[in-house]
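If you want the building blocks of each chain, they are given just below.
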Amino acid sequence: MTDLAQFRAHVRTGAVIEGGSELHRFMHGAAQEALRTVAQINTGYRTPEEVRALLSQLTGTEVDESVTVFPPFYSEFGKGLTFGRDVFVNLGCRFQDTGGISIGDGTLIGHGSTLTTLNHAVDPDRRADMVPAPIVIGRRVWLGASVTVVPGVTIGDGAVVGAGAVVTKDVPAHTIVAGVPAKVVRPTGFGPSA
């Protein structure tokens, strides 16, 4: 029987999660637990302290008192999500964190943003198979409203992602990217190269 530690170890390798496998069944069971907690976050008004307590339950780790998340907030796994200190997540964000999402200190995530860490197999006969790849967001990053970040992307410290961008490849530290797909617009003017 698969447990969380075994599942995380498998995901860290980036190996396929085969549709219908024991790992796949574990993932779906964990999703049900996460969806219950997310429903509590999104049902009625919750104080910031209540939201953080529910986020701690969702992630399985203590969420720092400096973290602010404005519901509604969606996560389908929870245990793959790590918040740094002083993180702000605005309304309506969706985190598909099964493959792992790490958010660095001081990062701001605009409303309606989507971060996704799983790809399905291209072969129609294997479409239920999934390939996990983590998203790593550095320190003091700003994602504008309605940004989409795809599996396997790292966004460097101090970067800015323009509203509506689709980030399909790594973003260098201290740069501004925008567009679909996101491309470097210019340096931020802050950081070590400024």
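The model shown is predicted, which means the values in this text are computed figures rather than measured ones.

Participant: Report on the sheet that holds strand β18 (residues 183-187), specifying residues and quantitative values.
Facilitator: Judged by pairing direction, the sheet is mixed, and its seven strands sit side by side in the order β1-β4-β7-β12-β15-β17-β18 without closing on themselves. Across the chains shown, the open sheet's two edge strands, defined by having one partner strand only, are β1 (68-69) and β18. Here two bridges tie strand β4 (residues 88-89) to strand β7 (residues 108-109), and the two strands are oriented parallel to one another. Across the sheet, residue F88 finds its bridge partner in β7, namely L108.

Participant: Quick one: what's the story with the nonpolar core, residue by residue and with numbers?
Facilitator: One recurring pattern in soluble globular proteins is that nonpolar side chains are buried together. Formed by 36 residues in total, the largest nonpolar core has its most connected members in F83, F95, L143 and I155. By residue number, the principal contributor to this core is helix α3 (residues 48-59), which donates four residues. Aside from chain neighbours lying at most four places away, what touches F83 is L55, T59, V63, V67, V69, F73, V89, F95 and I103. V11, M27, F77 and M130 belong to the second largest nonpolar core, which has nine residues in total.

Participant: Talk me through the sheet that holds strand β11 (residues 135-137); I want residue IDs and the actual numbers.
Facilitator: In spatial order, the strands read β3-β6-β11-β14; together these four strands make up an open sheet with parallel pairing. Each edge of the sheet is formed by a strand with only one pairing partner; in this case those strands are β3 (81-83) and β14 (154-155). As paired elements, β11 and β14 share two bridges and run parallel to each other. Its bridge partner being in β14, I137 is matched across the sheet by I155.

Thresholds applied
Residues numbered from 1 in each chain as written. Predicted model: local features only at pLDDT ≥ 70, side-chain atom pairs only at ≥ 80, totals over all residues. Heavy atoms only, no water. Pairing = 2+ DSSP bridges. Helix = DSSP H or I, 4+ residues; strand = E, 2+ residues; numbered from the N terminus. Core = buried A, V, L, I, M, F, W, Y, C linked by side-chain atoms within 4.5 Å. Buried < 20%, exposed > 50% of the residue type's maximum accessible area, 1.4 Å probe, protein only. Contact = heavy atoms within 4.5 Å.

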